[in-house]
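# Fold and geometry: a report
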Amino acid sequence: MAATESKLMVFACLGPDWAPCGQLVMTEEGPNVLASSFAYGLHYLRRPDALEVDPVSLGIGAREQVLGKRLLPAHGLPLFGGIRDAAPDSWGRRVIEAKLKVPANSLPESQYLLHAGSDRVGALDVRETIHDGPTQGNSAPHALEYLMDAAERIEDGLPIPAHLEAIFMDGTALGGARPKACVRDEHGVLWLAKFSSRRDSFDVPAIECAALRLAAAAGLTVPPVEVRNLGARKVMLIRRFDRYWGAPGQMPGAEDDLMATRPGHGRAEHRLAFVSGLTLVGCDETESRTKAYTDLAQATRSHCHPGVIRADNAELFKRMVYNILVSNDDDHLRNHAFIWDPRLAGWRLSPLYDVLPRASHATERFLHLSVGPQGRLATLDNALEAHEMFTLSRGAACKMMAEVWRVVREWKVYFEGFGVAAAEIDKTAPAFRHIDDVSTPALRKLLSRRLPEWGC
């Protein structure tokens, strides 16, 4: 198969408006990307509000160094991480393939990028030419029942009838393997709807929602989430944290809560730039399992705003501890992300998402990312040994562990309060670790000293 070259225009959403930011050239052979390059537009780089497409490979801190230059992906990668994050992942690809009636994974990457639509995650869009306008998303709320029916037909490889074709607008840009779609509520706020699947062996929407709400109770940063019943089926809704609303041309103040803003009173929808942990660490997806939480901590120090580095690294450490205690081993680098905060004019850790406890009866358990000197082994002792890489003292790390455990040990009480059925709690119970199973007596003694009221 002969290699082909595609030239695409990348746009960035600056405030409520789109601006062409540069040209992407991709060399492809069938579905494989062989190489790519990118050149920023001169007019774009002169804008004081210009966003960088990729902070690792396409940073614009020193704009004179990128003016008029064609840039290549860092670390020998075939495609820029920031562009890859704007492409659909597993589920979005299935939706595009169903729309175009082609086999799975048969399209060139450039086609997946073009068909993802303008409502994709983050603040980028990819179009064929500079003259093309955005692909308009659906501003009106769609019935979740219709979107779920369409998602089930795509899962089963069935054609989509005309009355269910909204899924082709609302589901094409999304990642992950589970069926999902973007929906707007009655206020116009954008949410991600994650549907149950007939293949599920437990109530995934209820358990994921409860796990995120439990994480929030443990002090982690979590977007608003809820579960809705659709007859005998369920859907979890998670607020899109890459959107906020503000007055046109006006940046939010430092005291504003971006997650609390809503449409109305002349406010326009704004987008926050988004990159995955995979992009910030600067590696390929196949390398994710060889990376560690400490790599994310180092990437935070290298690329995030100085004012949030300490807090973000502390949050990363607590997320690692939480994942150990709830056996969330789907913590790969795509399930960590960073957003551009306009209040800081810099990158920061995004809210937590995609947390699903995995029931297991194994004595030894492992996360996807390495935890500490003992690799991926999911124990608190292993995590504690990495504390310095998160800019934490040993004492501060112990206190954080104790604070997370104080909440997680009561997980059943929380789950019952969140409305999770008793049968589903029983199915999930083997995922949750007792402190005795993930720490040595010496560490438990240290933890109890840091938080005397906690106890062991």
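Residues numbered from 1 in each chain as written. Predicted model: local features only at pLDDT ≥ 70, side-chain atom pairs only at ≥ 80, totals over all residues. Heavy atoms only, no water.

On to the sheet that holds strand S7 (residues 225–230), then. Spatial strand order, S5-S6-S8-S7: 4 strands in an open sheet with antiparallel pairing. Of all strands in the sheet, those bounded by a partner on one side alone are strand S5 (180–184) and S7. Taken over all neighbouring pairs, the strand axes of this sheet differ in orientation by 30 degrees on average, direction set aside. Here 6 bridges tie S7 to strand S8 (residues 233–239), and the two strands are oriented antiparallel to one another. Residue pairing for S8: Arg 228 is matched across the bridge by Val 235. Against the sheet, helix H7 (residues 204–217) touches strand S6 (190–195), S7 and S8, its axis set at about 30 degrees to S8. (Pairing = 2+ DSSP bridges. Helix = DSSP H or I, 4+ residues; strand = E, 2+ residues; numbered from the N terminus. Axes fitted to C-alpha atoms, helices over the stretch in contact; angles between N-to-C directions. Contact = heavy atoms within 4.5 Å.)

The subject of this paragraph is helix H5 (residues 144–155). Counted at 1.5 Å a residue, the expected span for H5 with its 12 residues is 16 Å, and the 16 Å between its end C-alpha atoms agrees. Taken residue by residue, H5 has Leu 144, Leu 147, Met 148, Ala 150, Ala 151, Glu 152 and Ile 154 as its buried positions. Downstream of H5 by a residue or two, Gly 157 has a phi angle that is positive, lying close to 75 degrees. (Expected span 1.5 Å × (residues − 1). Buried < 20%, exposed > 50% of the residue type's maximum accessible area, 1.4 Å probe, protein only.)

What follows deals with the sheet that holds strand S11 (residues 274–276). Ordered by their spatial adjacency, 3 strands build an open sheet running S11-S12-S13, and the pairing between neighbours is antiparallel. Edge positions in the sheet fall to S11 and strand S13 (346–349), since each has one partner strand and no second. Between one strand and the next, the sheet's axes are offset by a mean angle of 30 degrees, whatever the strand orientation. Where strand S12 (residues 337–341) lies against S13, 4 bridges are found, and the strand directions are antiparallel. Each bridged residue has a counterpart across the sheet, and for Trp 340 the counterpart in S13 is Trp 347.

Quick look at the side chain of Lys 194 now. Of note, Lys 194 is situated in strand S6. Take Lys 194: its relative accessible area is 8%, and that puts it in the buried class. Of the polar contacts made by the side chain of Lys 194, one reaches the side chain of Glu 208; its length is 2.9 Å. (Polar contact = N/O pair within 3.5 Å; in protein donor to acceptor, adjacent residues only side chain to side chain.)

Right, let's talk about the nonpolar core for a bit. Among the nonpolar cores identified, the biggest contains 111 residues, and Tyr 40 and Tyr 322 are the most heavily contacted of them. Those residues within four positions of Tyr 322 in sequence are excluded, and the remaining contacts are Ala 211, Leu 214, Ala 215, Leu 220, Val 355, Val 404 and Val 408. (Core = buried A, V, L, I, M, F, W, Y, C linked by side-chain atoms within 4.5 Å.)

A word on the environment of Gly 61. Along the polypeptide, Gly 61 turns up in the loop between helix H1 (42–45) and helix H2 (81–85). With relative accessibility at 81%, the residue Gly 61 sits in the exposed group. Separated by 10 residues in the primary sequence, Gly 61 and Leu 51 place their C-alpha atoms 10.0 Å from one another.

This next bit is on the pairing of strand S2 (residues 17–29). On a regular strand, each side chain points to the face opposite its neighbour's, so the side chains alternate between the two faces of the sheet. One ladder, built from 11 bridges, connects strand S1 (residues 4–14) with S2; its direction is antiparallel. Across the sheet, residue Cys 13 finds its bridge partner in S2, namely Trp 18. Hairpin connection, S1 to S2: the antiparallel pair is bridged by 2 residues, and Gly 15 has positive phi, about 70 degrees. Both S2 and strand S3 (residues 32–40) contribute to a ladder of 8 bridges, which runs antiparallel. Looking across to S3, one finds that Met 26 is bridged to Ser 36. In this structure, the hairpin formed by S2 and S3 is closed by a connection of 2 residues, where Gly 30 is found at a positive phi of approximately 65 degrees.

Once that is clear, we can look at unusual backbone geometry. The phi torsion at His 75 lies on the positive side, around 60 degrees, for a residue other than glycine. The topology assignment puts His 75 in the loop between H1 and H2. Take His 75: its relative accessible area is 60%, and that puts it in the exposed class. A positive phi angle, close to 50 degrees, is found at Asp 354, a residue other than glycine.

Looking now at the environment of Leu 45. Along the chain, the position of Leu 45 falls in helix H1. When its relative accessible area of 5% is taken as the criterion, Leu 45 is described as buried. Along the primary structure Leu 45 and Cys 21 are separated by 24 residues, whereas in three dimensions their C-alpha atoms are 7.8 Å apart. Setting aside residues up to four positions removed in sequence, Leu 45 forms contacts with Tyr 40, Ile 60, Arg 63, Val 66 and Leu 67.

Turning our eyes to something else, we now look at the pattern of salt bridges. Pairs can form between side chains of opposite charge whenever their charged atoms are close. Taken as a whole and assessed by the stated rule, the structure comprises 27 salt bridges. Of the charged contacts, one joins Arg 240 and Asp 242 as a salt bridge, the two residues approaching to 2.9 Å between their closest N and O atoms. For the pair Arg 240 and Asp 242, one class covers both residues: buried. One salt bridge connects Asp 242 with Arg 243, and the closest N-O pair in it is separated by 2.9 Å. The exposure class assigned to Arg 243 is buried, which follows from its relative accessible area of 1%. (Salt bridge = Lys/Arg side-chain N within 4 Å of Asp/Glu carboxyl O.)

Closest axis-to-axis distance for the helix H12 (residues 394–408)/helix H15 (residues 441–450) pair is 8 Å, and the angle between their directions is 85 degrees. Classified by the angle between their axes, H12 and H15 sit roughly perpendicular to one another. Contact residues: H12 offers Arg 394, Gly 395, Cys 398, Lys 399, Met 401 and Ala 402, while H15 offers Leu 443, Leu 446, Leu 447 and Arg 450. (Parallel < 35°, antiparallel > 145°, perpendicular 65-115°, else oblique.)

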